[in-house]
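Per-entry structural report
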Amino acid sequence: MKLAKALLATAAIAAMAVPALAETDVKIGVLNDRSGLYADLAGEGSVVAARMAVEDFDAASKDIAVEILSADHQNKPDVGSNIARQWIDTDEVDVIVDVPTSSVALAVNEVVREKDKVFLASGPATSDLTGKACSPNTIHWTYDTYSLANGTGKAMVEQGGDTWFFLTADYAFGHALERDTAAVVEASGGKVLGNVRHPLSSSDFSSFLLQAQSSGAKVIGLANAGGDTVNSIKQAAEFGIVQAGQSLAGLLIFSTDVAALGLETAQGLVLTNAFLADRNEDTAAFSARFKEKHGKNPTMVQAGVYSAVLHYLKGVEAVGSDDADAVLEWMKANPSNDPIFGEATIRKDGRHMHDMYLLQVKSPDESAGEEDYFKLLATIPAEEAFRSIEDGECEMAKQ
Amino acid sequence: MAGESDVVAAAAMPTVREPAWMPRHHLVLFALLLAGLLVAPFMLYPIFLMKVLCFALFASAFNLLLGYGGLLSFGHAAYFGMASYVSAHAAKVWGLTPELAILSGTLIAAVLGLVFGALAIRRQGIYFAMVTLAFAQMVYFFSLQAPFTGGEDGIQAVPRGHLFGLFDLSRPEPLYFFVLAIFFGGILLIYRIIHSPFGQVLKAIRQNEARAISLGYQVNRYKLAVFVLSAALSGLAGATKAIVFQLASLTDVYWAMSGEVVLMTLLGGMGTVFGPLVGAAVIVTMQNYLASFGDWVTIIQGAIFVIAVLLFREGIVGVIAKWTKKPL
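Residues numbered from 1 in each chain as written. Chains lettered and ligands numbered in written order. Predicted model: local features only at pLDDT ≥ 70, side-chain atom pairs only at ≥ 80, totals over all residues.

1. With respect to the overall build of chain B
So the rule is basically this: We count a stretch as a helix when DSSP gives it H or I for four or more residues in a row; a strand needs E for two or more, and each element gets its number in order from the N terminus. Note that the radius of gyration is over C-alpha atoms, with the globule rule given as 2.2 Å times the number of residues to the power 0.38. Counting other C-beta atoms within 10 Å of each residue's C-beta, where C-beta atoms are placed from the backbone, gives the exposure class: buried for 20 or more, exposed for 12 or fewer, partly exposed between. Distance between backbone-placed C-beta atoms decides contact: two residues are in contact if it is within 7 Å.
Helix and strand content of chain B: 14 helices and two strands. For 328 residues, the compact-globule formula gives about 20 Å, and the C-alpha radius of gyration of chain B, at 19 Å, lands near that figure. C-alpha atoms of chain B, sized along the principal axes, occupy 55 × 45 × 45 Å. Among the 328 residues that make up chain B, the fraction classed as buried is 47%. Put simply, of all contacts in chain B between residues at least 6 apart along the chain, 75% involve residues at least 24 apart.

2. Section: the sheet that holds strand E13 (residues 352–353) of chain A
Strand pairing in a sheet relies on backbone hydrogen bonds. The paired strands run either parallel or antiparallel. Operational definition: For two strands to pair, DSSP has to find at least two bridges joining them.
In spatial order, the strands read E11-E12-E13 (chain A); together these three strands make up an open sheet with antiparallel pairing. On the outer flanks of this sheet lie strand E11 (336–338) and E13 of chain A, each paired with one strand and no other.

3. Structural notes on the sheet that holds strand E4 (residues 118–121) of chain A
Residues and elements named next belong to chain A. What counts here: To get an axis, a line is fitted to the C-alpha atoms, and for a helix only the part in contact is used. The angle between two axes follows their N-to-C directions and goes from 0 to 180 degrees.
If you walk across this open sheet you meet the five strands as E2-E1-E3-E4-E5, and the pairing is parallel. The open sheet has two free edges, formed respectively by strand E2 (64–72) and strand E5 (138–140), since each of these has just one partner strand. Here the strands of the sheet are splayed against their neighbours by 20° on average, with no regard to which way each runs. Against the sheet, helix H12 (residues 300–319) contacts strand E1 (24–32), E2, strand E3 (95–98) and E4, and its axis sits at roughly 155° relative to E3.

4. Focus: the confidence of the model for chain A
Residue and element names in this part refer to chain A. For clarity, the threshold we go by: Confidence per residue, as judged by the predictor, is encoded in pLDDT with a range of 0 to 100.
Per-chain confidence: chain A averages 88 in pLDDT, with 94% of residues scoring 70 or above. Element-level mean pLDDT values for chain A span from 51 in helix H1 (residues 2–22) up to 96 in E4. Ignoring residues within four places in sequence, the model shows residues 14–21, a span with pLDDT below 50, making one contact including any to other chains.

5. A short note on the confidence of the model for chain B
All names here are of chain B. For chain B, per-residue confidence averages 88 on the pLDDT scale, and residues scoring 70 or more make up 92% of the total. Averaged over each element, pLDDT in chain B is lowest for helix H1 (residues 2–12) (46) and highest for helix H5 (residues 98–120) (96). Segment residues 1–16 is flagged for pLDDT under 50; beyond a separation of four residues in sequence, or across chains, it makes six contacts in the model. Across the interface, the model reports ipTM at 0.77; the global pTM reads 0.83.

6. Remarks on the domain arrangement of chain A
A common measure of how large an interface is: the accessible area buried when the components associate. Residue and element names in this part refer to chain A. This is how it is decided: Note: domain ranges come from an automatic or database domain assignment. Residue classes follow a fixed rule: Ala, Val, Leu, Ile, Met, Phe, Trp, Tyr, Cys and Pro count as nonpolar, while Asp, Glu, Lys and Arg count as charged, and any other residue, Gly among them, counts as polar.
One can read the domain layout of chain A as domain 1 (24–143 + 280–354) and domain 2 (146–273 + 356–385). Look at where the C-alpha atoms of domain 1 and domain 2 centre, and you get two points 28 Å apart. The interface is formed by 12 residues belonging to domain 1 together with 11 residues belonging to domain 2. Of the residues that constitute the side of domain 1 that touches domain 2, the class distribution is seven nonpolar, four polar and one charged.

7. Digging into the pairing of strand E10 (residues 270–273) of chain A
Residues and elements named next belong to chain A. Neither face of E10 is open: one carries Val270 and Thr272, the other Leu271 and Asn273, and all of them are buried. In terms of strand pairing, E10 meets strand E14 (residues 356–361) through four bridges, oriented antiparallel. Residue pairing in the sheet places Leu271 in a bridge with Leu359 of E14.

8. What to know about the packing of H5(B) against helix H6 (residues 125–145) of chain B
Residue and element names in this part refer to chain B. Which entries qualify depends on this criterion: In this scheme the crossing of two helices becomes right-handed for a clockwise turn of the near helix relative to the far one and left-handed for an anticlockwise turn of less than a right angle.
Contact geometry of H5 with H6 gives a least axis separation of 9 Å together with a crossing angle of 145°. Where H5 crosses over H6, the two elements pack in a sense that is right-handed. Residues Phe116, Leu119 and Ala120 of H5 form the contact with H6, whose own contacting residues are Phe128, Val131, Thr132 and Phe135. Its residues assigned to classes, the contact of H5 with H6 comprises six nonpolar, one polar and no charged.

9. Observations regarding the packing of H5(B) against helix H10 (residues 219–245) of chain B
Relative orientation and spacing of two packed helices are given, respectively, by the angle between their axes and the distance between those axes. Residues and elements named next belong to chain B. Axis separation between H5 and H10 bottoms out at 7 Å; the angle between their running directions is 145°. Read as a crossing pair, H5 and H10 show a hand that is right-handed. Looking at the contact of H5 with H10 residue by residue, the classes come out as 18 nonpolar, eight polar and no charged.

10. Brief notes about unusual backbone geometry
With the exception of glycine, most residues fall at negative phi, and the peptide bonds are largely trans. All names here are of chain A. The phi angle at Gln74 is positive, at roughly 55°, despite the residue not being glycine. With respect to the element layout, Gln74 can be found in the loop between E2 and helix H3 (77–90). The exposure class assigned to Gln74 is buried, which follows from the 24 C-beta atoms found within 10 Å. A positive phi angle is found at Asp116, which is not glycine, with a value near 55°. One can find Asp116 in the loop between helix H4 (102–115) and E4. Overall, the presence of 13 C-beta atoms within 10 Å leaves Asp116 in the partly exposed class.

11. A few points about the nonpolar core
Most often, soluble globular proteins keep nonpolar side chains buried together rather than apart. The following threshold applies: Under the definition applied here, buried Ala, Val, Leu, Ile, Met, Phe, Trp, Tyr and Cys residues are grouped into a nonpolar core through C-beta atoms within 7 Å.
Ranked by internal contacts, the top residues of the largest apolar core, which has 215 residues, are Ile96(A), Val108(A), Val309(A) and Leu57(B). For this core, the element with the most residues is helix H3 (residues 46–68) of chain B, which contributes 18 residues. Inspection of this core shows a minimum of three residues originating in each of domain 1 (24–143 + 280–354) and domain 2 (146–273 + 356–385) of chain A. Not counting residues within four places of it along the chain, the set of residues in contact with Ile96(A) comprises Gly29(A), Leu31(A), Ala84(A), Trp87(A), Val108(A), Val112(A) and Phe119(A).

This is the structure we're talking about:
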């Protein structure tokens, strides 16, 4: 009797101990905006995407225990950096993913560099992450301001939109966006006819839009963001600018903005995106599965989170630990391969190199139904889509 | 009200000898607070505690103006945020040591306070609040456009440096005790200001300005002085925060920050010494530990504010002070 009990106890201990010895514990922190402006673009959908990546990777059968944490950084850099620090210091988080809002991402970038962990940035736009602020611990996964603005600028000129007029938000970000896009337009053989600057958070764009209309430019470039872009598109629709033959080019606009505007208002708008749900069978299948869980098609940011987490977990499996340096080295040495971007590599400066897509918003007649917003105008190859390393001011990549 | 009860308490207990500079229960509370804060970093996450300390100092500085000067400023983010920009810039670009960076931030906040205050105190009530808000918005748009602030990216990767060139602040322990020293010094200074003859005159002005004028006080000078003190101490908090978080961003100059400090002060107890500390601790803790609830944080924060206004208008510490019948 005694012996049987002892045997049972040993067996029980052994049963508990075996998987614990072999397992690698991975903690993924999904840090994004869950209450504000970017909650639709990233938010809970990014957590869903991360969970799908863990399921598809089949972590459980590979003896890797994955836990996903999530938090709201409220678009405040101090809140975001505080959460990131606390996750790494007290919760032993190995990798932080997503982080839309450039200022928060730059803050998290510094924290992760200091603590030597991994930051997979799917949400933020600023191309400084692979430029002045580049870090060996950060991989900028999905898109950046350069690829959105310049992709649109170049492709529009090639499509025949060779005269431009800029509607620019009057602050550093707007000026930079206008300057960079104008350079690309001119380099591609186009001409900039003029520009007009509006204050940040304007409500009335009528005088600016009339100037843009009377300039006779074929393309009106919207070098602004967020509410300003949405308002300028709405008011452009009231003036019938697109119907009269001019095109609007959004330089920093997301698919969620188009959904919010509606096809009637946004039709004809041209934008660059990293993900198109019905591009091929793989993306369509992924989108359908995502929609089942989250109720909406994935945005490029959410799809990017899936792709990034999947590649990270493959790295953990290959290296056999969650050691940040080893996993990062593996991730940069091996191409990522997933239904979102196909096969794609990671450059020395931390830029994930994949194709981008030039899209145009369909008119209500062209749309086949709910969530059918875009038609594909052109595919921009990765090498053209992103800024070259030489232009990036990333010290690390030049060595 | 606090002033009246002070007088009553003093009159009722003339025989009890207390240290002239601080009643005994305040001494005990300060001692407890200091002891708690000395032990706290070994139990709680130090960076979180430093955030609480910075905001507690900010709320106390605001309370000096609202609770004792009777002036509702709706633009205190300007001093807090501008000081954090200047201190971050001084530490990063000019390479100053942290104590000098913080001092330069504080100084700029004082200068801003002097200019804005001199104009704002000419108006009263809602007009005063609106003037301060307008100036704060000017500072916000200046910060958005000025090249040294980095626009919406803010100033990132600010070095913490070595205190007096000796103590390495990149480790959390020395940094914590440095921040604690600043906080405690700031709070004691505010306490001293409140209980000085100057503070008594402020209370008199708040309760009846016309009578204070008729007694021969230069009311506007007192108001301006307290405004500058409050702005400078807010700046001290903001400058310290920039060194702790190694960043300065638009969040700190945005009008929502001005609103947040009003919320902290009212929730903790306006016109009490310890109220703003409690209010700041409650709000920062909520923002920090409820972050995983997403949009519920703002809803919970709003609900708590509504409850506070409906049920205990004096704030948490204000209610306790009423029960214990002692000014806190």
